[in-house]
Amino acid sequence: MNSEFDLIRRYFTRPIHRAVLGIGDDAALIACDPGMDLAISTDTLVADRHFFTDTDPGKLGHKALAVNLSDMAAMGATPRWVTLALTLPVDRIQSQPDWLEAFMRGFFSLANAYQVELIGGDTTRGPLNIGVQIIGEVAKGKALRRSTALPGDDIWVSGQLGDAAMALAHLQRRIELDPAELAACLPALLTPTARVELGQQLIDLARSAIDISDGLLADLGHILECSHTAATVYLAKIPCSTVVKKHMATALAVDCLLAGGDDYELCFTAPESKRVEIMQLAQQLAIPLSCIGEITEGEGLRVLDSNGNALTYEKKGYDHFLT
């Protein structure tokens, strides 16, 4: 049985380039570039709450970092450093000795793609739990926020929504997808793409932004609450895959689209005058960007169907303590 320090040396220690001091001391040391603010976020993934215990470890390593990269994207920040806290069951390490190696391979593959350095963390023994803290940089005063939407702004989303929730619904046996449909939806759930470059490019275009982790209605609702505004969203304008469209006659598919979560796309607001530039950005980055509604005065969020009728919708999204 490897000791904690054997695990650290074997799986986590790597050369550092941007940090002053990395793994091996009581704390890491980093130096922020002049004229930059630090953006810091933390996410925890708990077995049987956020992922199935038999999830492919390489994909799980990818997702553990991707959900944090998505937070950086929502702020327009450049991710730089991460810390990783792993609680590992002893039987997992003993019975599946390659599990941790595969997990870190998935984690480091994505970290390398964004030049993010692992500079510290913790390992302990217990039920499988993954905690990642990410630190990024953004020019002073330029970070995208939730509190700055204004009436008249367009509401935009990137990519497509609902696939991850559809895949999860299938795995939970709440819907049955055929093999081709499941294969199309699973990557959104298991290996999401963080829109880091998009977030950086939106700094001078968007007024406010958030990443869609808990569901469109919940996360857009955070923008409305923080900005003291209301919104109207048009169901038919929300981008989704052919799989979600095929099942849209079901309440479950509508739920996946509006409140399913795990999308990790960006929802942002921007002045109407920025429409042409945003569409040009979509072409430049080859990322679909869709205008789905507008920010209005007042309170609340209305979702209108294709006939202009308001949907009655109780569930807004995922809540760790109510779901």
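For every chain, the first residue of its written sequence is number 1, and the numbers climb from 1 along that sequence. Predicted model: local features are reported for residues with pLDDT of at least 70 only, side-chain atom pairs are reported and counted for 80 or more only, and whole-chain, interface and lining totals are derived from all residues. Side-chain metrics rest on all non-hydrogen atoms present in the structure, leaving aside hydrogens and water.

Per an unreviewed UniProt entry, the recorded name for the protein is Thiamine-monophosphate kinase, and the organism is Nitrosomonas nitrosa. UniProt positions are given in the numbering used here, feature names are shortened, and annotations may be inferred rather than shown by experiment. Turning to the protein, the UniProt record has this under Sequence similarities (unreviewed entry): "Belongs to the thiamine-monophosphate kinase family."

Colleague: How should the environment of Gly-308 be read in this particular structure?
Modeller: Under the scheme used here, helices are H or I runs from DSSP no shorter than 4 residues and strands are E runs no shorter than 2 residues, and both carry numbers assigned from the N terminus. Tracing the backbone through its elements, the reader meets Gly-308 in the segment after β10 (301-304). Accessibility expressed as a relative area gives 44% for Gly-308, which makes it partly exposed. Spatially, the C-alpha atoms of Gly-308 and Leu-235 are 9.5 Å apart, while their sequence positions differ by 73 residues. Classification of residues uses two cut-offs on accessible area relative to the type maximum, computed with a 1.4 Å probe and protein chains only: under 20% is buried, over 50% is exposed, and between them is partly exposed.

Colleague: I'm lost on the UniProt feature "binding site: substrate" (unreviewed entry) in the protein in this one. Help?
Modeller: UniProt feature "binding site: substrate" (unreviewed entry): in the numbering of this structure it lies at His-50, Asp-262 and Tyr-318. Structurally, His-50 can be placed in the loop between β1 (36-46) and α2 (57-75). The class of His-50 is partly exposed, set by a relative accessible area of 24%. With respect to the helices and strands, Asp-262 occurs in the loop between α10 (251-259) and β8 (265-270).

Colleague: Sorry, what's going on with the pairing of strand β5 (residues 154-158) here?
Modeller: Side-chain direction in a regular strand flips from residue to residue, so the side chains alternate between the two faces of the sheet. Of all 5 residues that make up β5, 5 are buried, and the element is covered over most of its length. Taking every second residue as pointing to the same face, both faces of β5 are buried, with Asp-154, Trp-156 and Ser-158 on one and Ile-155 and Val-157 on the other. Alignment of β5 against β8, held across 4 bridges, turns out to be antiparallel. Bridged to Val-157 within β8 is Cys-267. Of the strand pairs in this sheet, β5 and strand β9 (residues 289-296) are connected by 5 bridges, and their pairing is antiparallel. Of the residues in β9, the one forming a bridge with Asp-154 is Glu-294. Criterion used throughout: strands pair if DSSP finds at least two bridges between them.

Colleague: Explanation requested: the sheet that holds strand β2 (residues 78-88) in the structure shown.
Modeller: Neighbouring strands of a sheet are bound in pairs by backbone hydrogen bonds; such pairs are parallel or else antiparallel. Sheet architecture is open: 4 strands sit in the order β1-β4-β2-β3, paired in mixed fashion. Pairing within the sheet leaves two strands with one partner each, and these edge strands are β1 and β3 (117-125). The average angle at which neighbouring strand axes cross in this sheet is 15 degrees, direction not considered. As defined by bridge partners, β2 adjoins strand β4 (residues 129-139) across 9 bridges and the pair is classed as antiparallel. For Pro-79, the partnering residue across the bridge sits in β4 and is Gly-136. Packing against the sheet, α2 makes contact with β1, β2 and β4, and its axis sits at approximately 30 degrees to β4. Packed on one face of the sheet, helix α4 (residues 99-113) meets β2, β3 and β4 and runs near 165 degrees to β2. Every angle, taken between N-to-C directions, lies between 0 and 180 degrees, and every axis is a line fitted to C-alpha atoms, over only the stretch in contact when it is a helix. Between two residues, a contact is recorded if the distance between any of their heavy atoms is within 4.5 Å.

Colleague: What exactly am I supposed to notice about the sheet that holds β9 here?
Modeller: Strand order in the open sheet made by the 6 strands is β6-β8-β5-β9-β7-β10, with mixed pairing throughout. Two strands bound the open sheet, and with one partner strand each, they are β6 (208-212) and β10. The average undirected angle you get between the axes of adjacent strands in this sheet is 25 degrees. Across the face of the sheet, helix α8 (residues 216-227) comes into contact with β5, β6, β7 (230-234), β8, β9 and β10 while running at roughly 155 degrees to β6.

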